[in-house]
Amino acid sequence: MSMDKTVNYWSKSVDALLQALNSNYQGLDSATAQQRIHQYGHNTLAVDHGATRTVQLFLERFRNPLVLILIFAAVVAMLMHDWLDALIVLGIVFVTVVLGFIQEYRATRAVEQLRKRVTVKATVLRDGQSLAIPTEEVVPGDIVLLTAGNLIPGDGVLLETKDFHVNQALLTGETYPVEKQPGTSSDDASLVERTNCIFMGTSVRSGTATALIVHTGRATQFGQIADTLALRPPETEFERGLRHFGALLVQIMMIIVLIILAIHIALHHPTIETVMFAMALAVGLSPELLPAILTITLSRGARTMAGHGVIVKRLNAIENLGSMDILCTDKTGTLTRGVVQLDKALDITGQTSEAVLRLAYLNSHFETGLANSLDEAVIAAAKQNGLDVGDYQKRDEIPYDFVRKRLSIVVSRTDETTAQMITKGALQNVLEICDKIQTGADVMLLTDEYRQIIQQHFNAWSAEGYRVLGVAHKTCESSSVYTRNDEHGMVFSGFLLFFDPPEEGVRKTLNALHRLGVRVKIITGDNRHVARHVAEAVGIQAKRIITGADLTNMRDEALWHLAPHVNLFAEVDPNQKERIITALQKTGHVVGYLGDGINDAPALHAADIGISVDQAVDVAKEASDLVLMKHDLEVLRKGIDEGRRTFANTLKYIFITTSANFGNMISMALASLFLPFLPLLAKQILLNNLLSDIPAMGIAGDKVDRDWERAPHRWDIKLIRNFMITFGLVSVVFDLLTFAVLLYLAGEAVEVFRTGWFMESLMTELLILLVIRTHQPFYKSIPGRFLVWSTTGMVLLTVILPYLPLGAAFGFVPLPGPVLIAILGITVLYIMVSEFTKHIFFQRFSKQHRKNSDTASI
């Protein structure tokens, strides 16, 4: 196969490309396809695999500024020939990096395995047969079959098309879908001008096509610019809060360090010890494990959610799921069973008609575009009534699209010279191309009187919950090609009534979501009568309905005011769905959207949390953050529970880090200014930080109080700042008390002072974990097993460390009995005061939270 002959492939004939790619119209054989995977690699944009990726993940741990600060401090110590301190610092750095790497590596691998369960597939011809394969296995020379909703798996040229329109805004910036047809383009044609080509990363909006794949992976147009397109996704509210808070911590850290350095140098304290102390102080103040904690917590949440049938594609979506307070969804398959049945095929008088069923059956049987449950229901009903296609043959197809909202099939019998066009679709869209009606054997003009009768039937059946489609036909002259321009002058034949009953137990699930603080809104393209019937059947209040026509005439400001108070939007188009989502976000809501169709993609992109299902079309699945393995709101409710647990455990670490570290560092900074010696050596601060981080890892799997899960929570920078100051000040008071006690009992014994202060500082930081992790009294809330045992183990190690040989290497000495008893007493008192402070703090917070919730619901 010569790839040189595929240069400027858009200007070459199909036969020349087939020859250059050693392919043919029947596609590749399996052996050749497998060989080309080895030759060209899998059809992905990723370049890092296996060991290379693992090494890269490990090295990224050293990009942490805090780790770099520690390494710099160790280098300074080595330059001063302080080898022991340098080795201790480097050892702590290595242990911290390895600990974080192992946890993050396991978490990353687990999430990758989960994502593989949600794969986008392409239909190709292999060995002359159509076969659905993962898009990663598409190779140059493959013949692919494309239909509405497909993501295009590679760059290539078109062999056959039928009303084929592609959305390629990602590459060209074109606002509207463009029509593509077979042919050739000039050598110097731009991407926009290559109307005979398809490109990886774009999607099929309507129609069908057969194409020859020429380039895959990074050889495609999309692959060549992937690095510039692979921008960071929009920052979530939680990420934005983390970034702002991180900036606050860095500012505080820099101010404290600079003040400490300036004063110590002015007091002529040893320079190297002062630099090491200031750097260790900076590290102690910072939440250096936060990235690892986030990854571990989120991946654990992703694995748990996978067990409930929810696959997480983007980890940060879990936090938004926990914050979600509005869920928008179409009714089909979520509020209803999603098992559509054709209940009746009726003529214009409302009588059962086998002729209407036969026309619908021929239309559905020969349809090759977008697979859907309505066609399946028609085929099943026809077979149940003993119908078959007989000697009818398909002549052509005018595919469904979301503008016309109808599908036409042209068929003929073998012994007939004329053809018959059969159209099926949304009732109003079918009526607009009809000028006659059929009643029995008679064909008459479609008068206003008949239109009124049809509309009355439609309204009555829709109010009963039926989805009503129209069927029309006409006899036409034989032709090789038929287009949408031929859809006119048709005879209206009758109605198809489909029924999709409410999902059993959905009312109970909706009540459970309401108790979780999540309101469900229906946004559907179906008519208002059907939508209202479903809403009322499942217990959703629909006092007011906003339709697509209403939205067209409504200003954005008016929609912002109305959207939060309206639970039912009907007869809306894809862009209007997106507009509704944006309006809800403008009023301060965190919005989820559940959809599975082509017309849901804009709303899925716009929502804070896009949710799709495994059976969704490619573009919907690709646009989503979460994928439900089954179309069930109960599965999503469990996902919300897990999202809130994950969010809660992430915030726990932030609370603990900001309060304990802030208090300890302020205390040490103050003490260093008034004591004739440093209260702790740099290596002792770093050891304190390392030992306190080990139990903190257990927060990822900690249990969460049930009352936290009952309402959505959002990042609250004010709450965390107040928490940091409140509990930081409590910590400072007890640290100063400890200093006073140690100076009184230890006097000028520097090593005893440092050992006692290290012990008190570490034990309080460990035990405060158990206090702060819950809003309840700590003895009423059972922590996770790892958190209990690791905290217990670290407390015991803290007490016995001064008596071990290792303690001497860190400058610790055994404590006299009175000092040890005083330290233990101060620790117990600190826990009691912190528990009381927590009760007062969260009591005020709860009142404010309820007040804000009440205001938001008005």
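Residues numbered from 1 in each chain as written. Predicted model: local features only at pLDDT ≥ 70, side-chain atom pairs only at ≥ 80, totals over all residues. Heavy atoms only, no water.

Counting secondary structure elements, the chain contains 31 helices and 23 strands. Here the chain, with 858 residues, has 55% of them falling under the buried criterion. Residue pairs in contact within the chain that sit at least 24 positions apart in sequence constitute 73% of those at least 6 positions apart. (Helix = DSSP H or I, 4+ residues; strand = E, 2+ residues; numbered from the N terminus. Buried < 20%, exposed > 50% of the residue type's maximum accessible area, 1.4 Å probe, protein only. Contact = heavy atoms within 4.5 Å.)

This part is about a nonpolar patch on the surface. Residues I255, I259, I263 and L267 make up a contiguous nonpolar surface patch of about 330 Å² in total accessible area. One can find I259 in helix 9 (residues 237–266). (Patch = residues over 30% accessible without salt bridge, like charges linked within 9 Å, V, L, I, M, F, W, Y side chains within 5 Å. Areas by Shrake-Rupley, 256 points an atom, 1.4 Å probe, with all protein chains shown as cover. Salt bridge = Lys/Arg side-chain N within 4 Å of Asp/Glu carboxyl O.)

So, on to the pairing of strand 14 (residues 434–439). Note that strand 14 and strand 17 (residues 490–499) share 3 bridges and pair parallel. Following the sheet pairing, I437 is matched in strand 17 by F492. With antiparallel pairing between neighbouring strands as the criterion, strand 14 and strand 15 (residues 442–445) make up a hairpin whose turn holds 2 residues, including G440 at a positive phi of roughly 65°. (Pairing = 2+ DSSP bridges.)

This part is about the nonpolar core. Counting 72 residues, the largest nonpolar core has L335, L510, I581 and L626 as its most contacted members. Of the residues forming this core, the biggest block, 5 residues, is contributed by helix 18 (residues 528–538). In contact with L510, not counting residues within four places along its chain, are L335, V520, V538, I540 and L633. Formed by 30 residues, the second largest nonpolar core is a distinct cluster that contains L687, F739, V750 and L815. (Core = buried A, V, L, I, M, F, W, Y, C linked by side-chain atoms within 4.5 Å.)

So, about the confidence of the model for the chain. It should be kept in mind that the predicted coordinates are not to be read in detail where pLDDT is low. Mean pLDDT over the chain works out to 82, with 84% of the residues at or above the 70 mark. Here helix 8 (residues 226–229) stands out as the least confident element of the chain, with mean pLDDT 52; strand 17 is the most confident, with 95. Segment residues 851–858: pLDDT under 50, and 1 contact once partners within four positions in sequence are set aside and those in other chains are kept. (pLDDT = per-residue confidence, 0-100.)

Turning our attention to unusual backbone geometry. In this model, N22 sits at a positive phi of 50°, which is unusual for a non-glycine residue. Locating N22 in the fold gives a position in the loop between helix 1 (14–20) and helix 2 (30–40). Notably, D127 is not glycine yet its phi reads approximately 55°, a positive angle.

Before going further, it helps to spend a moment on the packing of aromatic side chains. Tallying each qualifying case throughout the model produces 16 aromatic pairs. Between F723 and F727, the aromatic rings sit 4.3 Å apart at their centres with planes inclined by 25°, giving stacked as the arrangement. Here F723 and its partner F727 are both found in helix 27 (residues 717–746), 4 residues apart, which amounts to about one turn of the helix. Each member of the pair, F723 as well as F727, is classed as buried. Ring plane angle 70° and centroid distance 5.4 Å describe the contact between F734 and Y830, whose orientation is recorded as edge-to-face. In this pair, F734 sits in helix 27 while Y830 sits in helix 31 (residues 817–857), placing the two residues 96 residues apart along the sequence. Classification of F734 as buried rests on a relative accessible area of 7%. (Phe/Tyr/Trp six-rings, centres within 6.5 Å; stacked < 30°, edge-to-face > 60°.)

This next bit is on the sheet that holds strand 9 (residues 326–329). Pairing within the open sheet is mixed, and its 8 strands lie in the order 8-23-22-21-9-18-20-19. What marks the edges here is a single partner per strand, and that holds for strand 8 (310–312) and strand 19 (545–547). For this sheet, the mean inter-axis angle between neighbouring strands, taken without regard to orientation, is 20°. Summarising the sheet, strand 18 (residues 519–523) and strand 20 (residues 568–570) pair through 2 bridges and their orientation is parallel. Looking at the pairing, I523 lines up with F569 of strand 20. Docked against the sheet, helix 21 (residues 574–586) engages strand 9, strand 18, strand 20 and strand 21 (591–594), running at close to 160° with respect to strand 21. (Axes fitted to C-alpha atoms, helices over the stretch in contact; angles between N-to-C directions.)

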